[in-house]
Amino acid sequence: MTVLRLELDHITCRYDETPVLSDISLTVKPGEFVSILGPSGSGKSTLFKLLTGARKPDGGSMRFDGHMLAGTIRPFAFMPQRDALMPWRRIVDNTTLGLEVKGMHRAEARRRVLPLFSEFGLDGFEQHYPAELSGGMRQRAALLRTVVQDKPMLLLDEPFGALDALTRAGMQRWLEEMWSQHDWTAMLVTHDVREAVYLSDRIYIFSSRPARVIREITVDLPRPRILDGAARARATEIEADILNTLFNAPNATRTNLEEPR
Ligand SMILES: Nc1ncnc2c1ncn2[C@@H]1O[C@H](COP(=O)(O)OP(=O)(O)OP(=O)(O)O)[C@@H](O)[C@H]1O
Ligand SMILES: [Mg+2]
């Protein structure tokens, strides 16, 4: 029997009197790419706060590789929703930050990150500052800082949300390739339906706040995700199915969801 990497069981969370997460149960298997798709303000980032330990759930249990998640040291490399690069640090020093925080000497951290710069399309930009990079490059640098921490699972909170459509499509393709090459287990939060379908093995659809899982969808598309012919038609079908679920959910509004471009 495969041990589940992550298992959330009946998780609830509220801010003061406002319930935000209502009875969330979900699982992630080792090596799986799972997305959480839901309206803005539904509680997706809050779920990551619970996983990373920034906040405690009000109810339910969280297990990782069969063990209860507790304490301050968590098995996740987390890429936060908002621009996480420090503008005063060079790119190389931004990418070593997570390792330095864990106590690694800067020189050793550099030896670990520098060989990865070309794979992340950042060759030659090691000594630049974040403001000198394009939006896509900044996100790749933030992702490099995340994966280099060597944690068993990645948590990505809308990593491409601030990018233009063309750059975002390129980044999705790149991430899918990277995910296939490395043996990553990943959970992605997004409100972009097409992004979720393109990248995921499974998708959990959240309702608006207080969030509950209104549907779980298995994305039965071949990998690598070269979406032409039959695969493109199937992807479009899944996207339409998801939009239908979202728009027909109680409290759904058209303004807080992104339709596929
Ligand atoms: N620290 C906080 N104190 C009180 N309320 C909060 C706090 N953080 C978030 N909330 C509220 O909880 C709800 C869920 O917020 P959260 O950031 O988890 O949503 P989200 O699904 O990530 O939204 P988005 O897609 O816009 O990022 C929102 O209504 C928000 O206003
Ligand atoms: Mg969020």
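For the structure itself, look to the data block above.
Just so you know, these numbers come straight off a predicted model, no measurement behind them.

1. Side note on the packing of aromatic side chains
- In this structure the tally under the stated criterion is 4 aromatic pairs.
- Taking the centre distance of 5.9 Å and the plane angle of 75 degrees together, the rings of F33 and W179 count as edge-to-face. Of this pair, F33 sits in strand β3 (residues 33–37) while W179 sits in helix α6 (residues 165–181), and the two are 146 residues apart along the sequence. Across the pair, exposure class does not vary: F33 and W179 are buried alike.
- On the basis of an interplanar angle of 85 degrees and a centroid distance of 5.9 Å, the ring pair of F48 and F78 is categorised as edge-to-face. Of this pair, F48 sits in helix α1 (residues 44–52) while F78 sits in strand β6 (residues 76–79), and the two are 30 residues apart along the sequence.
- In this structure F48 comes out as buried when scored by relative accessible area, which is 0%.

2. Quick notes on α1
- Three or more residues of α1 are buried, namely K44, T46, L47, F48, L50 and L51.
- Among the residues trailing α1, G53 stands out with phi positive, at a value near 90 degrees.

3. Concerning the packing of helix α5 (residues 135–147) against α6
- At their nearest, the axes of α5 and α6 sit 10 Å apart, and the two run at 30 degrees to each other. Of the possible angle classes, the one that applies to α5 and α6 is roughly parallel. Our pair here, α5 against α6, has a crossing hand that is right-handed. Contact with α5, carried on its side by G136, Q139, R140 and L143, involves T167, M171, W174 and L175 of α6 and no other residues of that element.
- Of the residues that constitute the contact of α5 with α6, the class distribution is 4 nonpolar, 3 polar and 1 charged.

4. Quick notes on the nonpolar core
- Core analysis: the biggest nonpolar cluster contains 52 residues, and L175, I203 and I242 have the highest contact counts within it.
- Among the elements that make up this core, the one with the highest residue count is helix α8 (residues 229–247) (7 residues).
- Among all residues touching L175, those that are not within four sequence positions of it are F33, L143, L156, F160, W184 and L199.
- C13, I24, L69 and A211 belong to the second largest nonpolar core, which has 26 residues in total.

What counts and how
- Counting from 1, residues in each chain are numbered in the order their sequence is written.
- Following the order in which they are written, the chains are lettered starting with A and the ligands numbered starting with 1.
- Per-residue local features are limited, in this predicted model, to residues with pLDDT of at least 70; the limit for side-chain atom pairs, both in listing and counting, is 80 or more; totals at the level of whole chains, interfaces and linings are taken over all residues.
- Here the side-chain values reflect all heavy atoms present in the structure, with hydrogen atoms and water set aside.
- Between rings of Phe, Tyr and Trp, where Trp is taken as its six-membered ring, a pair exists when centres lie within 6.5 Å; planes separated by under 30 degrees are stacked, by over 60 edge-to-face, and by other angles tilted.
- Strands are runs of DSSP state E lasting at least 2 residues, helices are runs of H or I lasting at least 4, and numbering of each runs from the N terminus.
- Only protein chains enter the accessibility calculation, which uses a 1.4 Å probe; a residue whose area is less than 20% of its type maximum is buried, one above 50% is exposed, and one in between is partly exposed.
- Think of each axis as a best-fit line through the C-alpha atoms, taken over the contacting stretch in the case of a helix, with angles from 0 to 180 degrees between the N-to-C directions.
- These descriptions rest on fixed angle ranges, namely under 35 degrees for roughly parallel, over 145 for roughly antiparallel, 65 to 115 for roughly perpendicular, and the rest for oblique.
- Note on convention: near helix rotated counterclockwise from far helix by under a right angle means a left-handed crossing. Clockwise means right-handed.
- Every residue pair with non-hydrogen atoms within 4.5 Å of one another is taken to be in contact.
- Asp, Glu, Lys and Arg are counted as charged, while Ala, Val, Leu, Ile, Met, Phe, Trp, Tyr, Cys and Pro are counted as nonpolar; the rest, among them Gly, fall into the polar class.
- What we call a nonpolar core is a set of buried Ala, Val, Leu, Ile, Met, Phe, Trp, Tyr and Cys residues that are connected through their side-chain atoms within 4.5 Å.

So, to be careful, I would describe these as geometric facts and stop short of saying anything about function.
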